[in-house]
Amino acid sequence: MSIVSTEALRHVWPGGEVALDGVDVAIEAGERVALLGRNGAGKTTFVHHLLGLLDPTSGQVLVGGEAYTEENARELRRGIGLVFQDADDQLFMPTVLEDVAFGPANLGIEGDELEARALAALASVGADHLVGKAPHHLSGGERRRVAIAGVLAMEPALIILDEPTSGLDPAGRRDLELLLAGLGEALLLVTHDLGFARRLCGRAVVLDEGRVVADGPIDEVLADEGWLAGVGLA
């Protein structure tokens, strides 16, 4: 069973603009997928559907085989973690440890178990030495690591990363690539950084005008520069 899948997913905005038009995508456990497409192709709308933040006009989203309902949406979202493009948007507590513990605390985890989970998440991204620091005193790469740790502390099956290399220098991108390569969770990278995506992901899904125009091995999808230019990726 897929971690998450969409079946004939369609989304039409109130003004009549079609954002997604019959999208069929499934992501399996441990898979690393790059979600590519020009600005306005439908990537953000697609991600919002995976998180249950939008209701499909038609079609459906399944998380672990279950469709979103008002009753189960909070529970299903626990299986999917989102790392924002700007880490500052999800780091807001006084210390790194408090930030990483925030999500699990909202699940009702407390005391020693909460601290242990937060510390384990920080250790998994090589940031356990930052526990007492204020997030706004960290470098861009450190903030990205802490943001990922905050998601890992929720123990999701799928991690979605929105433009993960944005704002990072070459050294920071290399460090992030090594970090992500070592994770066992399924990854969905929403990115314009094709080199980063190619090195990290085995599969690419390309959206254009709300439709899937390619879905396959990433080296094959990115092989035709003329085609890439046609879909706004080169």
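Residues numbered from 1 in each chain as written. Predicted model: local features only at pLDDT ≥ 70, side-chain atom pairs only at ≥ 80, totals over all residues. Heavy atoms only, no water.

A. Structural detail: the sheet that holds strand 3 (residues 32-36). Ordered by their spatial adjacency, 6 strands build an open sheet running 6-7-8-3-9-10, and the pairing between neighbours is mixed. On the outer flanks of this sheet lie strand 6 (80-83) and strand 10 (211-217), each paired with one strand and no other. Across the sheet, the axes of successive neighbouring strands diverge by a mean angle of 20°, strand direction being ignored. Sheet topology places strand 7 (residues 158-162) next to strand 8 (residues 186-190); 5 bridges connect them, and they run parallel. Residue I160 lies in a different strand from strand 8, and its bridge partner there is L188. (Pairing = 2+ DSSP bridges. Helix = DSSP H or I, 4+ residues; strand = E, 2+ residues; numbered from the N terminus. Axes fitted to C-alpha atoms, helices over the stretch in contact; angles between N-to-C directions.)

B. Highlighting helix 4 (residues 111-124). A rise of 1.5 Å per residue sets the reference length of helix 4, with its 14 residues, at 20 Å; its end C-alpha atoms lie 20 Å apart and thus fit the reference within 8%. The set of residues buried in helix 4 consists of L114, R117, A118, A121 and L122. Around the axis of helix 4, the buried residues are gathered within 130° of arc, so they sit on the same side. Facing away from the buried side of helix 4 by over 90 degrees, the exposed positions are D112 and E113. Contacts from the buried residues of helix 4 go to helix 3 (96-106) and helix 5 (140-152). Backbone geometry just after helix 4 places G126 at a positive phi near 70°. (Expected span 1.5 Å × (residues − 1). Buried < 20%, exposed > 50% of the residue type's maximum accessible area, 1.4 Å probe, protein only. Arc of directions from axis to C-beta. Contact = heavy atoms within 4.5 Å.)

C. Local environment of helix 3. Of the residues making up helix 3, those classed as buried are V96, D99, V100, A101, G103 and P104. Packed against the buried residues of helix 3 are helix 4 and helix 5. Looking one or two places after helix 3, you find G108, whose phi comes out positive at around 95°.

D. A look at the sheet that holds strand 4 (residues 58-63). Taking strand neighbours across the sheet as the criterion, the 4 strands line up as 2-1-4-5 in an open arrangement whose pairing is antiparallel. Every interior strand has two partners, whereas the edge strands, strand 2 (18-27) and strand 5 (66-67), have only one. In this structure, strand 1 (residues 4-12) lies alongside strand 4, joined through 5 bridges in antiparallel fashion. The residue of strand 4 that forms the bridge with E7 is Q60.

E. Spotlight on unusual backbone geometry. Positive phi outside glycine occurs at A8, with the angle close to 50°. Note on A8: relative accessible area 40%, which makes it partly exposed. In the Ramachandran plot, E209 falls in the positive-phi region, its phi being about 50° despite a non-glycine side chain. Examined against the element boundaries, E209 turns out to sit in the loop between strand 9 (203-208) and strand 10. Since its relative accessible area comes to 58%, E209 is described here as exposed.

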